[in-house]
Amino acid sequence: MESRITPGPYRATKLWNEIIELFRAGMPLKKHRLHFRTYDRCFTAAQGIDWLHELLRSNHNFGPEVTRYQTVQLLKKFLKNHVIEDVKGRWGKEDLEDNNRLYRFPHSSPLKPYPKKSRYLNSKFSNWSDYDVPNPGPVLVRPIILNSELWHKRHSIAIGEVAECRIVRREEVSQATVEGIWKSMTLAHLQKILGLATLEGVLDPKHLNPKYIIYNVHHVNKQGVVFLENKLDELPHWVLSAMRCLANWPNGSELNQPMYPGFERDVFKTIADYFHKPKEPLLTFEFYELFINTLGLLQQQRIGIEALQVCCLLLPPENRRRLQLLIRMMARIALNVEMPPLHDAIASRTLMIQTFSRCILRSEDEVDLDELFATRLVSFMMDHYQDILGVPEHLQSAVEEHLAHLRRVQIKYAGADADATLSSCTFCHQISSEDFKEPQRNIQTALTAQLEEMIIDKSMSFKVKKKKLKQFQKAYPEIYKNRFPTTESETMLFPEKSKLKTHLMFFTMKKSFQPFPRTRSFRM
């Protein structure tokens, strides 16, 4: 059954409510007889487990990896939350087993309510662009902000009206600028992949550390695994040796211990115990909602891989390295036909997922569908771990191209910058119209990029930024309109000032509609 839930805030709650609605609407209800008494419109526990298990396996948010045991656990949660009750009306503390005990649906189903206000709205962002960043696209040229007159002077070169220009060598791009560009372009890329108008309720930008992203991109070994400069954050040597032993079985043992029957099971238990100790999963609590929103994209393999590539890039480097090593070990064990069974009744692949899924993904508040979400996500990551845990090349090339442009020299035309001194300038000759055609093709892209840089510039004061935006709007109204299609999108850039302006307008209007005061009569 296809899910109707699209990516967005509170996706876990929406999926919980959807499963309840599908279960209530589709579960066959029959007449059953128990202890010489007949009960209408009910079902046995085994029948409910069978039907719900098939529902979950056919839903692409959960997938065929869902086990019958997990379905029993979910039905127990349904009984605890009064989604179902036994035929005598009992629920809550009652237990549920895979048997022929009778259950029914209550008259009204308690769907979970959605929070009235996102917890992210209480966060104070230092910049509006941290909250909702559009995709800046490929950036090739960075033009200068000019008013209409200077714009005419610049473009009049093509018809020979301006005879000179000067080359200005730029200063080195600061680390803060590099981090800001990585952050804004990563947010834009995520927003585009998820198909969302905003990341509100899905990702709190204050949890996105651009230093982590930059480190995860550039500090990798030949296998694409992150290496850590601080050895204190590294996995203990005995854990690495144990993981290498099972990942390369039977040729990877470095433990220098005698092999004995059940040796591989003891090594596996040692690894599992270590990864279950941390209180927080590898994907962190902060990014839980973000990863839940990727589940609906996994059916489209290419898009799902791209989404998870970017999401995993946000992790702290030590988390990313541990995730890479763990998933790689899990995938190799699941495919290794020479590996002795690590469990008497469970296949290796299923055992890997059941053992480590909670170590990889779970919510801080223990959402009811956590285990099913983790199963689906970990299963997909095991199948495509080499691509998912690699660096997203499209994002990296876009950012590096943008940064390379910022480090290039810039041509400024006479009158474009009155404050600049000519002592550091080199003059050049007039250019032909043919020479001007190539940069002309990229002018709209370049102007869009310039507008984005102005928006994310935290060093610019409110007054200066507003003035420059007005100049840009006057000179390039079409580009400005594409960036701010509505007045609401424009006012979000300066929320506090806009709110004050609205109050002042309301006060002025209210005052203007007051009746005229009565004048004193002129009669004596």
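Okay, so let's go over this structure. Residue positions within a chain follow its written sequence, with the count starting from 1. Local features are withheld for residues below a pLDDT of 70 in this predicted model, meaning they are given only at 70 or higher, and side-chain atom pairs are given and counted only at 80 or more; totals for whole chains, interfaces and linings count all residues. In computing side-chain values, all of the structure's heavy atoms are included and hydrogens and water are not.

**Topic: the overall build of the protein chain**
Numbered from the N terminus, helices here are DSSP runs of H or I no shorter than four residues, and strands are runs of E no shorter than two. Regarding its fold elements, the protein chain presents 21 helices and 7 strands. To sort residues, take the accessible area from a 1.4 Å probe on protein chains only and compare it with the maximum for the residue type: under 20% means buried, over 50% means exposed, and anything in between is partly exposed. Within the protein chain, buried positions represent 47% of all 524 residues. We call two residues in contact whenever any of their non-hydrogen atoms come within 4.5 Å of each other. Contacts in the protein chain between residues at least 24 apart in sequence constitute 72% of all its contacts with a sequence separation of at least 6. For accessible areas, the Shrake-Rupley method is used with a probe of radius 1.4 Å. Any residue's cover is judged against the shown protein chains and nothing else. Total accessible area computed for the protein chain in this model is approximately 29300 Å², and 53% of it derives from carbon and sulfur atoms.

**A short note on the packing of helix H1 (residues 11-26) against helix H2 (residues 45-58)**
In this analysis an axis means a line fitted to C-alpha atoms, helices contributing only their contacting stretch, and an angle means the value between N-to-C directions, from 0 to 180 degrees. Two elements in contact, H1 and H2, have axes whose closest approach is 11 Å; the angle formed by their N-to-C orientations is 130 degrees. Judged by the inter-axis angle, H1 sits oblique to H2. Regarding H1 and H2, the two cross each other, and that crossing is right-handed. Contact residues: Ile19, Leu22, Phe23 and Gly26 in H1; Gly48, Trp51, Leu52, Leu55 and Leu56 in H2. We call two directions roughly parallel when the angle between them is under 35 degrees, roughly antiparallel when it is over 145, roughly perpendicular when it lies between 65 and 115, and oblique otherwise. Left-handed describes a crossing whose near helix is turned anticlockwise from the far helix through less than a right angle; right-handed describes the clockwise counterpart.

**Points about the packing of helix H7 (residues 237-247) against helix H11 (residues 317-335)**
The relative placement of two packed helices is expressed as an angle between their axes plus a distance between the axes. Orientation of H7 relative to H11, taken along the N-to-C sense of each, is 30 degrees, at an axis distance of 8 Å. The angle between H7 and H11 falls in the class roughly parallel. Here the hand of the crossing between H7 and H11 comes out left-handed. For the pair H7 and H11, contact is made by Leu240, Met243, Leu246 and Ala247 and by Leu325, Leu326, Met329, Arg332 and Ile333, respectively. Across the contact of H7 with H11, the residue classes break down as 8 nonpolar, no polar and 1 charged. Under the convention adopted here, Pro, Cys and the residues Ala, Val, Leu, Ile, Met, Phe, Trp and Tyr are nonpolar, Asp, Glu, Lys and Arg are charged, and Gly plus all remaining residues are polar.

**Some words on the nonpolar core**
In this text, buried Ala, Val, Leu, Ile, Met, Phe, Trp, Tyr and Cys residues form a nonpolar core when linked through side-chain atoms within 4.5 Å. Phe78, Ile84, Phe275 and Phe356 are the most contacted members of the largest nonpolar core, which totals 116 residues. With residues up to four places along the chain from it excluded, the contact list for Phe275 reads Leu235, Val239, Met243, Leu282, Arg322, Leu326, Phe356 and Cys359. Counting residues in hydrophobic clusters, the runner-up holds 13 residues, among them Ile455, Met460, Ala475 and Phe484.

**Side note on a negative patch on the surface**
A residue counts toward a patch only above 30% relative accessible area and without a salt bridge, and it is joined to like-charged neighbours within 9 Å or, for Val, Leu, Ile, Met, Phe, Trp and Tyr, to nonpolar neighbours within 5 Å. Throughout this description, the term salt bridge denotes a Lys or Arg side-chain nitrogen within 4 Å of a carboxyl oxygen of Asp or Glu. Charge counting follows a simple rule: Lys and Arg are positive, Asp and Glu are negative, and His as well as the terminal groups are ignored. Charge positions come from single atoms, namely NZ of Lys, CZ of Arg, CG of Asp or CD of Glu. Residues Glu280, Glu286, Glu364 and Asp365 make up a contiguous surface patch of negative charge. Relative to the helices and strands, Glu280 resides in the loop between helix H8 (263-276) and helix H9 (288-292).

**Considerations on the sheet that holds strand E3 (residues 85-86)**
For two strands to pair, DSSP has to find at least two bridges joining them. A sheet is described by the order of its strands in space; here 4 strands give the open sequence E1-E2-E4-E3, paired in antiparallel fashion. The open sheet has two edge strands with one neighbour each: strand E1 (30-34) and E3. As defined by bridge partners, E1 adjoins strand E2 (residues 37-44) across 4 bridges and the pair is classed as antiparallel. Bridge pairing links Leu34 to Arg37 in E2. Along the sheet, H2 makes contact with E1, E2 and strand E4 (102-104), crossing E2 at roughly 25 degrees.

**Focus: the state of the cysteines**
In protein chemistry, a disulfide is the covalent bond that joins the sulfur atoms of two cysteines. The definition used for a disulfide is geometric: two cysteine sulfur atoms within 2.5 Å. Counting across every chain of the model gives 0 disulfides. The cysteine Cys311 is free of any disulfide, with Cys312 supplying the nearest cysteine sulfur at 6.8 Å. The class for Cys311 is buried, based on a relative accessible area of 0%.

**Some points on the environment of Glu453**
Here Glu453 lies in helix H17 (residues 443-456). In this structure the C-alpha to C-alpha distance between Glu453 and Ser184, which are 269 residues apart in sequence, comes to 9.7 Å.

**Some thoughts on the side chain of Arg362**
On the secondary structure map, Arg362 appears in the loop between helix H12 (348-360) and helix H13 (370-383). A relative accessible area of 12% means that Arg362 is categorised as buried. Here a polar contact means two N or O atoms within 3.5 Å. Within protein one must be a hydrogen donor candidate and the other an acceptor candidate, and residues neighboring in sequence count only if both atoms are side-chain atoms. A distance of 2.5 Å separates a polar side-chain atom of Arg362 from the backbone oxygen of Lys279. Residues within four places of Arg362 in sequence aside, it is in contact with Pro278, Lys279, Glu280, Pro281, Phe285, Tyr288 and Asp370.

**Focus on the environment of Cys245**
By the secondary structure assignment, Cys245 is in helix H7. Between the C-alpha atoms of Cys245 and Val267, which are 22 residues apart in sequence, the distance is 8.4 Å.

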